[in-house]
Amino acid sequence: MSFTAEATPEKIQSRLTSRVIGRRLQVVAEIGSTNDAAAAAGHAGEPEGLAVVADRQASGRGRLGRAWASLPGLGVYTSILLRPDVPPLQTPLLTILAGLATADAVRGVGDVEPRLKWPNDVLIDGRKVAGILAEMATVGERVAQVVVGIGINVHHRPEDFPAEVRTTATSLGQTAGRRVERGEIVAALYNAFDKWYEVFSAGDRAAILAAARDRSATLGRPVTVISGPERWQGTAVDLDEDGALLVVNGRGVTQRVLAADVSIR
Ligand code: BTN
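Residues numbered from 1 in each chain as written. Predicted model: local features only at pLDDT ≥ 70, side-chain atom pairs only at ≥ 80, totals over all residues. Heavy atoms only, no water.

Trainee: Account for the sheet that holds strand β10 (residues 245-249), naming residues and giving values.
Mentor: Taken together, five strands build an open sheet; the order of strands is β11-β10-β9-β8-β12 and the sheet is antiparallel. Bordering the open sheet on either side are β11 (254-257) and β12 (261-264), each of which pairs with just one other strand. On average, each strand axis in the sheet is tilted by 45 degrees relative to the strand beside it, whichever way the strands run. With four bridges joining them, strand β8 (residues 222-227) and β12 adopt antiparallel strand pairing. Paired with T224 across the strands is S263, a residue of β12. (Pairing = 2+ DSSP bridges. Helix = DSSP H or I, 4+ residues; strand = E, 2+ residues; numbered from the N terminus. Axes fitted to C-alpha atoms, helices over the stretch in contact; angles between N-to-C directions.)

In structure tokens form, the structure reads like this:
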């Protein structure tokens, strides 16, 4: 089904219960990256809550400079503009929050139990169903805006994924017991995001961290931490108050991991 039929602004907005997130909405057929569009709108003065959602991205991107394949007709590619009143150090928690919201949305529309792989992956049965890319702009010491981009694999069959992720990725189509329309999942995502963002804005970081610990696929597991050319092994033991991963290395020393790739061994 074409995106225009499956995720019209009306289909999305008629399902919204959110206060802010997605109330201002741009639905487009094709775009470079929804993160760039939401960032540009933010720089032009758009208030927080704007969501941009596209059927296809010509240059969708993931974390650490990777590409995010964004073929038409298959996934949800969306970005949300935020203006959180917090110091830059606290913004990594927004990635965790987005993971929780995505997991809630995915669980709500499919009969699945998603888990969070730190920092930005949502897994079903150990395979990645969604990824998050948060990008911040600062003015001096202050956060001017954060764009949280979320990609959810919806109608993908195994052969629709790039070869390098085919054995590690999945989609709602392969895991949910029914066909999920993208308008439905987008609305569920904005509603869940709105709820968690309210918790964040009220300063209740402990509630976000508690939920993230509860649903983590990473904590308690042996992991390999990959940071540029560096690679080391340890056991993931906790999240700290900013959302960093605490990993005990081979010498028994706890290391704080913030901007790295972590694979579960
Ligand atoms: C990752 O897992 O590395 C993050 C993937 C994030 C992909 C989404 S799709 C919508 C938004 N626009 C982008 O260019 N990237 C994010």
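Trainee: Quick rundown of the site of the ligand? Include the residues and the values.
Mentor: The environment of the ligand is made up of 21 residues, and the closest members are S33, Q57, R61, R63 and K128. Between the ligand and R63, the relevant distance is 2.7 Å, taken from an oxygen atom to a main-chain nitrogen or oxygen of the residue. A distance of 3.2 Å is found between an oxygen atom of the ligand and a side-chain nitrogen or oxygen belonging to N120. Here the ligand, which alone exposes 420 Å², has 98% of that area covered by the protein. Only α3 (34-43), β3 (75-82), β6 (127-139) and β7 (142-153) provide two or more residues apiece to the shell around the ligand. The leading source of residues in the shell around the ligand is β6, at four residues. Partitioned by chemical class, the residues of the shell around the ligand number five nonpolar, 12 polar and four charged. (Near = heavy atom within 4 Å. Polar contact = N/O pair within 3.5 Å; in protein donor to acceptor, adjacent residues only side chain to side chain. Areas by Shrake-Rupley, 256 points an atom, 1.4 Å probe, with all protein chains shown as cover. Nonpolar A, V, L, I, M, F, W, Y, C, P; charged D, E, K, R; others polar.)

Trainee: Could you give me a rundown of the nonpolar core, with the residues and numbers involved?
Mentor: Ranked by internal contacts, the top residues of the largest apolar core, which has 64 residues, are I152, I185, Y190, F193, L245 and V257. Tallying contributions element by element places helix α4 (residues 92-109) first for this core, with 11 residues. Judged by nonpolar contacts, the second largest core, of 10 residues, contains I31, A38, L81 and V147. (Core = buried A, V, L, I, M, F, W, Y, C linked by side-chain atoms within 4.5 Å. Buried < 20%, exposed > 50% of the residue type's maximum accessible area, 1.4 Å probe, protein only.)

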